[in-house]
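Coordinates in review
One-letter residues, chain by chain:
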Amino acid sequence: MAETPTLLRALTLRRHWQVYETFRLRFEATATSIADDENDARLRGLSVSKRQFERWYGGAVKTRPYPDQCRVLEAMFGVGVDLLLAPAPQAVERTTPVPGSPSSLVIPPFRPAPVLLPTEQAAALPGGGPFSSEPRFEAGTTELERQVAMAARRALRFTAMAEGSSIGPETLGQIHDEVRRLTAAYPRLALPTLLGDLVEVQDLTFRLLEHGRVKPLQARELYLLAGITSGMLAKASHDLGNPSAAMMQARTAFVCADNADHQAMRAWVRSLQSLISYWAGRPAEAADYALLGQSTAGDVHGTTSVWLACLSARAHALIGDAEATRVAIQQAEDARAAVVPDDLDAFGGIMTFPEPRQLYYVAEATVHLGEDPVLGESRSEAAVSAYRNASEDEWAFGDEAGAQTDLALARIARGEIEGAIEAVRPVLDLPVEQRNFGITSSAQRVHAALHADGRRNTGAAADLRGEIEAFTATPTSVLVR
């Protein structure tokens with residue numbers, strides 16, 4: 001028996017919006033209209049990817065869209081998003097005749113998007129395609145797109161083999177492009193969509209370094225690319241809640257940076273090690289790694305110098321050293337004023353440290369220090385606003401969630417429970433694939449603050465604690481075990 005189409009599919013067909021470009025233009029126009037009507041700049045320019053449209057249209061949606069997407073969809077169709085994603089009522093499955101059109105016109109029967117493997121196997125596949133920004137093979141991805149992604153991966157492997165034991169310029173160029181794609185994508189996409197590609201690129205660079213004939217200049221670049229990839233896998237291990245594996249990958253990244261003789265990369269890895277230690281509950285170690293990075297970053301003028309100072313501020317705030325925290329915040333401001341973007345910044349994404357992220361780190365340091373709740377709230381609001389208005393290159397879902405939880409913590413410190421609920425609500429709406437270790441740890445801090453506030457058994461605070469407990473019970477790691 002054919003599956004029942006969703007109401008969204010039925011209404012899309014009724015309005016003749018089933019072509020992606022048509023739907024996208026309508027979505028963007030509606031988002032802009034809401035932005036103007038409600039004076040909400042976040043919605044201006046909001047769009048929908050082809051892949052996301054196909055998932056909505058094909059009914060392959062397991063979680064609600066992001067809140068802003070929900071607002072746009074509801075405005076487009078005049079129906080709540082839960083109803084839109086539910087099976088269409090029988091009365092709606094047949095299109096109301098358009099004046100002048102044959103009365104027998106009906107919605108074509110729903111056909112699920114083709115899947116190459118059973119659902120449980122397809123969900124476990126690593127990401128595919130060096131040139132695809134969202135490479136996982138999920139329902140809603142067309143057969144042609146799957147074939148293109150698979151062919152691109154095969155082409156990368158073949159190029160490496162065809163150039164023989166010597167590393168040729170085409171192989172190096174393709175690896176460089178793939179690493180650049182992954183660094184740009186990492187802050188914006190959920191880890192399950194990237195993990196397979198990261199593992200494959202790291203394996204390829206290691207094999208070429210172990211067995212290929214590499215010229216000295218090529219070796220330096222290949223070691224740098226291997227170091228960046230290992231660094232991203234360190235971050236991936238951290239995001240999955242495995243600090244031991246994260247540190248192992250980070251040490252490998254540092255060895256690669258050493259072999260590349262790349263001072264900025266050495267400093268970047270020390271920053272990463274500080275981050276891992278911070279979230280593992282070892283703030284003194286995090287401060288030591290930040291200091292170690294600063295001591296080796298004398299000639300580093302890229303944004304890594306800002307990151308190191310911000311990491312120092314957060315770590316010292318958690319330790320409770322107010323003076324060291326203030327000094328580090330000032331160092332970050334001084335470093336930002338002296339930034340000269342370097343080759344790591346040119347990779348973008350996870351390899352650079354934009355201003356919204358600096359505002360987030362400073363806000364978190366201020367909130368954890370706890371000396372001035374009003375200043376903590378003000379700085380957290382500035383960080384949240386910066387991410388709300390960030391460009392695509394600067395936006396990161398994890399850091400935005402961190403800023404939102406910091407704002408909730410600041411408001412709890414001021415006794416504003418309703419304000420804290422409002423601040424943390426977007427975080428609790430994140431789907432499982434985006435509930436990484438940093439985000440769930442931040443949510444648990446809100447949970448602990450509510451407990452310490454003494455309102456754990458009262459009204460809204462108790463409800464929020466229950467929501468946080470449910471949220472943290474299903475982190476991203478459950479998807480990749």
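Calculation notes
Residues numbered from 1 in each chain as written. Predicted model: local features only at pLDDT ≥ 70, side-chain atom pairs only at ≥ 80, totals over all residues. Heavy atoms only, no water. Core = buried A, V, L, I, M, F, W, Y, C linked by side-chain atoms within 4.5 Å. Buried < 20%, exposed > 50% of the residue type's maximum accessible area, 1.4 Å probe, protein only. Helix = DSSP H or I, 4+ residues; strand = E, 2+ residues; numbered from the N terminus. Contact = heavy atoms within 4.5 Å. Expected span 1.5 Å × (residues − 1).

1. Some thoughts on the nonpolar core
Counting residues in hydrophobic clusters, the biggest one holds 93 residues, and the most contacted among them are Ile-228, Met-265 and Trp-268. Among the elements that make up this core, the one with the highest residue count is helix α12 (residues 263–279) (10 residues). Membership of the second largest hydrophobic core comes to 26 residues, among which are Ala-10, Leu-11, Trp-56 and Phe-77.

2. Regarding the side chain of His-316
In this structure, His-316 sits in helix α14 (residues 304–319). Since its relative accessible area comes to 18%, His-316 is described here as buried. Those residues in contact with His-316 that lie beyond four places of it in its chain are Ala-287, Asp-321, Ala-324 and Thr-325.

3. A closer look at the environment of Leu-222
Along the chain, Leu-222 falls in helix α10 (residues 216–239). Between the C-alpha atom of Leu-222 and that of Leu-172, which follows or precedes it by 50 residues, the distance is 7.4 Å. Ignoring any residue separated from it by four or fewer positions in sequence, one finds Leu-222 in contact with Leu-172, Ile-175, Thr-205, Leu-208 and Leu-209.

4. With respect to helix α9 (residues 195–211)
Since the α-helix advances by 3.6 residues per turn, residues separated by three or four positions end up pointing in the same direction. With 17 residues, α9 should cover 24 Å at 1.5 Å per step; its first-to-last C-alpha distance of 24 Å lies within 8% of that length. Restricting attention to buried positions, one finds in α9 the residues Gly-196, Asp-197, Leu-198, Val-201, Gln-202, Leu-204, Thr-205, Leu-208 and Leu-209.

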